[in-house]
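# Structural features, examined
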Amino acid sequence: EGKEYTNSLWDYQKAGYELATDTVDPLAEKGTIPNGHQDVYVYLKHQTEKKTENFSAVETITYKYANGPHKGEQAATPYTHTINYSRSRTFDKATGKAISNWTAWEPVEPFDPFVDVKSPEIDGYYLVHDDQSTIKAPQLTNADYQNGQKSFNYEVDYLKDGIVTIYYVDLG
């Protein structure tokens with residue numbers, strides 16, 4: 001009785017806890033042992049942590065010459081557009097378990113959506129595929145968000161006007 005003591009508190013923060021009150025009772029760390037029994041309480045609550053996942057959607061359109069003197073070369077400057085998304089979820093640091101559902105995927109500001117892209121007209125050339133005069137804006141599905149990135153790659157090919165191709169056939 002009357003003997004001084006000191007006490008090191010358990011590292012509750014490392015275990016995912018934090019104080020539920022503004023202060024710790026000073027008797028929890030040091031004091032004088034009284035007559036009889038003394039209880040000292042340190043009130044804790046679970047820490048939480050917000051985790052974020054990121055996702056990028058990238059659209060790339062390349063323009064190539066399919067024949068003629070520039071066959072295989074770039075016909076126009078490629079078009080590239082990226083949209084970054086994120087979502088978050090809260091976890092209990094003491095248990096490691098999720099305590100909320102994932103939020104919806106949201107574009108990171110400023111949001112600049114995918115749009116239809118008109119293919120450039122090139123003098124002396126025409127499109128191999130007429131339906132590529134405009135590349136429609138890509139549409140994301142829920143499954144697209146699973147791997148961190150989704151790439152939409154398109155190639156628009158151009159043919160030279162006025163080229164005559166001669167085919168030789170061996171009939172004999």
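Rules and cut-offs
Residues numbered from 1 in each chain as written. Predicted model: local features only at pLDDT ≥ 70, side-chain atom pairs only at ≥ 80, totals over all residues. Heavy atoms only, no water. Helix = DSSP H or I, 4+ residues; strand = E, 2+ residues; numbered from the N terminus. Buried < 20%, exposed > 50% of the residue type's maximum accessible area, 1.4 Å probe, protein only. Contact = heavy atoms within 4.5 Å. Areas by Shrake-Rupley, 256 points an atom, 1.4 Å probe, with all protein chains shown as cover. Lys, Arg positive; Asp, Glu negative; His and termini not counted. Charge placed at Lys NZ, Arg CZ, Asp CG, Glu CD. Pairing = 2+ DSSP bridges. Core = buried A, V, L, I, M, F, W, Y, C linked by side-chain atoms within 4.5 Å. Phe/Tyr/Trp six-rings, centres within 6.5 Å; stacked < 30°, edge-to-face > 60°. Lys NZ or Arg CZ within 6 Å of the ring centre and 35° of its normal. Polar contact = N/O pair within 3.5 Å; in protein donor to acceptor, adjacent residues only side chain to side chain. Salt bridge = Lys/Arg side-chain N within 4 Å of Asp/Glu carboxyl O. Patch = residues over 30% accessible without salt bridge, like charges linked within 9 Å, V, L, I, M, F, W, Y side chains within 5 Å.

Okay, the overall build of the chain next. What the chain contains, in helices and strands, is 0 helices and 11 strands. Principal axes of the C-alpha set define a box for the chain whose edges measure 115 × 40 × 25 Å. Looking at the 172 residues of the chain, the share that counts as buried comes to 24%. The long-range share in the chain, meaning contacts at least 24 apart out of those at least 6 apart in sequence, stands at 66%. Accessible area of the chain: about 12,500 Å², with a carbon and sulfur share of 47%. The centroid of the 16 positive side-chain charges in the chain is displaced by 5 Å from the centroid of its 26 negative side-chain charges.

What follows deals with the sheet that holds strand β5 (residues 48-65). The strand order β7-β6-β5-β11-β9 describes an open sheet built from 5 strands, whose pairing is mixed. In the strand order of this sheet, the two ends are held by β7 (106-107) and β9 (125-127), each with one partner.

Another point: the nonpolar core. One finds I61, Y63, Y65, A75, A76, V117, I122, Y125, L127, I135, V156 and Y158 forming the largest nonpolar core, which totals 12 residues. Top contributing element to this core by residue count: β5, with 3 residues. In this structure, Y85, F114, A137 and Y145 belong to the second largest nonpolar core, which totals 9 residues.

Turning our eyes to something else, we now look at the packing of aromatic side chains. To describe a pair of aromatic rings, you give the distance between the ring centres and the angle between the ring planes. For the structure on display, the rule yields 9 aromatic pairs. With centroids separated by 5.7 Å and ring planes inclined at 55°, the aromatic side chains of W10 and Y17 adopt a geometry described as tilted. Owing to a relative accessible area of 53%, W10 belongs among the exposed residues under this scheme. Relative to Y145, the ring of W105 lies with its centre 5.3 Å away and its plane at 10°, an arrangement referred to as stacked. On the criterion of sequence distance, the pair formed by W105 in the loop between β6 (74-92) and β7 and Y145 in the loop between β10 (134-135) and β11 (149-160) is long-range, its members being 40 residues apart. For the pair shown, W105 and Y145 are each scored as buried. Through a chain of ring-to-ring contacts, three or more aromatic side chains come together here, namely F55, Y85, W105 and Y145. Between R87 and the ring centre of W102, over which it is positioned, the NZ or CZ distance is 4.4 Å. Note that K150 overlies the ring of F152, its terminal NZ or CZ placed 5.4 Å from the centroid.

Moving on: the side chain of S56. Relative to the elements of secondary structure, S56 occurs in strand β5. For S56, the side chain forms a polar contact with the side chain of N84, separated by 2.6 Å. Once you skip the residues sitting within four places of it in the chain, S56 turns out to touch T82, I83, N84, G148, Q149 and K150.

Throughout the structure, instances matching the rule amount to 5 salt bridges. Note that K45 is salt-bridged to E18, the shortest N-O span being 3.9 Å. One end of the pair, K45, is in strand β4 (residues 44-46); the other, E18, is in strand β2 (residues 17-19), and 27 residues separate them in sequence. The exposure class of K45 is partly exposed, given its relative accessible area of 41%.

The subject of this paragraph is a nonpolar patch on the surface. Nonpolar side chains collect at one region of the surface, where V164, I166 and Y168 lie side by side and expose about 440 Å² of accessible area between them. Looking at the secondary structure, you find I166 in the segment after β11. On the basis of relative accessibility, which here comes to 60%, the residue I166 falls in the exposed class.

The pairing of β5 with β6 spans 16 bridges and is antiparallel. Within the sheet, the bridge partner assigned to E53 lies in β6 and is R87. With 2 bridges connecting them, β6 and β7 associate as antiparallel partners. In the strand pairing of β7, Y85 is matched with P107.

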